[in-house]
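Structure assessment
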Amino acid sequence: MMIETRELTKMFKDVRAVDGINLTVARGELVALLGPNGAGKSTTLRMLTTLIPPTSGSAQVAGFDVVRRQRDVRLRIGYIGQGNGAGHSQRGRDELISQGRAYGMPVRAARTRAGELIDSLGLSDVADRTVSTLSGGQRRRLDIAMGLIHAPELLFLDEPSTGLDPQNRANLQEHIVRLRAEHGTTIVLTTHYLDEADSMAERVIVIDHGRIIADDTPQQLKAKHVGDRVILGFGSPVDAAQAAKALGAPVADGCVRLVAEDGPREAPRILDSLRSAGLAPDSIEVKRPTLDDVFLTLTGRSLREGGAADTEPELVEA
Ligand SMILES: Nc1ncnc2c1ncn2[C@@H]1O[C@H](COP(=O)(O)OP(=O)(O)OP(=O)(O)O)[C@@H](O)[C@H]1O
Ligand SMILES: [Mg+2]
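Residues numbered from 1 in each chain as written. Chains lettered and ligands numbered in written order. Predicted model: local features only at pLDDT ≥ 70, side-chain atom pairs only at ≥ 80, totals over all residues. Heavy atoms only, no water.

1. Here's the deal with the overall build of the chain
Helix and strand counts for the chain come out as eleven helices and 14 strands. With the C-alpha coordinates aligned to their principal axes, the bounding extent of the chain is approximately 80 × 45 × 30 Å. Residues classed as buried in the chain amount to 48% of the 318 residues present. For the chain, long-range pairs separated by at least 24 residues make up 70% of all intrachain contacts whose partners lie at least 6 apart in sequence. Carbon and sulfur atoms make up 48% of the accessible area of the chain, which totals about 15,200 Å². On the chain, the mean spot of the 39 positive side-chain charges and the mean spot of the 43 negative ones are 6 Å from each other. (Helix = DSSP H or I, 4+ residues; strand = E, 2+ residues; numbered from the N terminus. Buried < 20%, exposed > 50% of the residue type's maximum accessible area, 1.4 Å probe, protein only. Contact = heavy atoms within 4.5 Å. Areas by Shrake-Rupley, 256 points an atom, 1.4 Å probe, with all protein chains shown as cover. Lys, Arg positive; Asp, Glu negative; His and termini not counted. Charge placed at Lys NZ, Arg CZ, Asp CG, Glu CD.)

2. Description of the packing of helix 5 (residues 136-148) against helix 6 (residues 166-183)
One can describe the packing of helix 5 onto helix 6 by two numbers: an axis separation of 10 Å at closest approach and a directional angle of 20°. Compared by their axis directions, helix 5 and helix 6 come out roughly parallel. Once helix 5 is placed against helix 6, the crossing between them reads as right-handed. Contacts from Gly137, Arg140, Arg141, Ile144 and Leu148 in helix 5 reach Asn168, Asn171, Leu172, His175, Ile176 and Leu179 in helix 6. For the contact of helix 5 with helix 6, the residue count by class is five nonpolar, four polar and two charged. (Axes fitted to C-alpha atoms, helices over the stretch in contact; angles between N-to-C directions. Parallel < 35°, antiparallel > 145°, perpendicular 65-115°, else oblique. Left-handed = near helix turned anticlockwise from the far one by under 90°. Nonpolar A, V, L, I, M, F, W, Y, C, P; charged D, E, K, R; others polar.)

3. Remarks on the domain arrangement of the chain
Many analyses report the size of an interface as the accessible area lost when the parts associate. By the assigned domains, the chain splits into domain 1 (3-222) and domain 2 (227-288). Each of domain 1 and domain 2 has a C-alpha centre, and the two are 45 Å apart. (Domains from an automatic or database assignment.)

4. Regarding the site of ligand 1
Ligand 1 sits among 14 residues. The nearest are Asn37, Gly38, Lys41, Thr43 and His192. At 3.1 Å from an oxygen atom of ligand 1 is found a main-chain nitrogen or oxygen belonging to Ala39. Here an oxygen atom of ligand 1 sits 2.7 Å away from a polar atom, N or O, in the side chain of Lys41. Burial of ligand 1 by the surrounding chains reaches 63%, relative to a free accessible area of 630 Å². Elements with a minimum of two residues in the shell around ligand 1: strand 2 (15-25) and helix 1 (41-48). (Near = heavy atom within 4 Å. Polar contact = N/O pair within 3.5 Å; in protein donor to acceptor, adjacent residues only side chain to side chain.)

5. Let's talk about the nonpolar core
Judged by nonpolar contacts, the single largest core of 44 residues is most densely connected at Leu96, Ile144, Leu157, Val204 and Leu291. Among the elements that take part in this core, helix 5 stands out by supplying five residues, more than any other. (Core = buried A, V, L, I, M, F, W, Y, C linked by side-chain atoms within 4.5 Å.)

What follows is the structure, encoded as structure tokens:
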């Protein structure tokens, strides 16, 4: 296990930011923590990276206790915080080398490693410019290189793609997935972007009010908590009512709504059974669930409310 927590809790005065989290992450996993603003994602990462001590409970990271063995933990992890990053007046390459030196790497090793990361993160064209001239996406990739310079086994990324435009975000995601494939790095990231959690992580941990409320593959979360919906439209309310009766499903907004495990495959069967009852819908729509639907089912709230989700990205400050 790379991470193992027991009832991990953080109080800020009377705010229970993290409320008894039990979490295990195995070597090589790519896990996304998903939750609205203030859910406790960053606080969890900050305890796991030894930046703040837990109020109660415990956590082992890379085999060491985060309180008693801070230094051992720190040497084995990389952490890219929400909006931290390289200094501005140095060249990107020099920032990387200094960071490696700060981790005790000999200068030659740091230089070699910096070169490798610059290549693998697609920074070759910009690494010798001062950091302040880089775009938001380039800067974020440099941040990730900073977190990786000492080849950590475990990388924590707090909202790596917040503030990036969709193209840079996709590009960054591709880099993260590739790094993981090439180096077997265990990665724990937080995100507001539902599509990002869905497409990148094979495991999504949904956090709300400091607690884990779901933990599974995106596919399983969607299948288990929401399912596909098949929505049938009819020309008249009478037909809709008859179809609803034949299918044993409710009518809402003039449409008959069914939940299906596999909507596209079940739709033809549904049409057949309607046909044999002498009914035919005007329209048929199969809706597949999103992780936001999962969150809505679990909490009664949308992740998209309150600017939590796929709102317009802010631009990263230069
Ligand atoms: N240093 C602090 N002092 C007091 N309260 C804090 C502190 N840090 C976090 N909190 C509170 O703890 C709760 C969890 O915050 P946290 O930053 O972990 O949320 P988050 O899930 O990372 O949110 P976001 O998506 O906005 O980054 C919030 O209510 C926050 O206001
Ligand atoms: Mg946060």
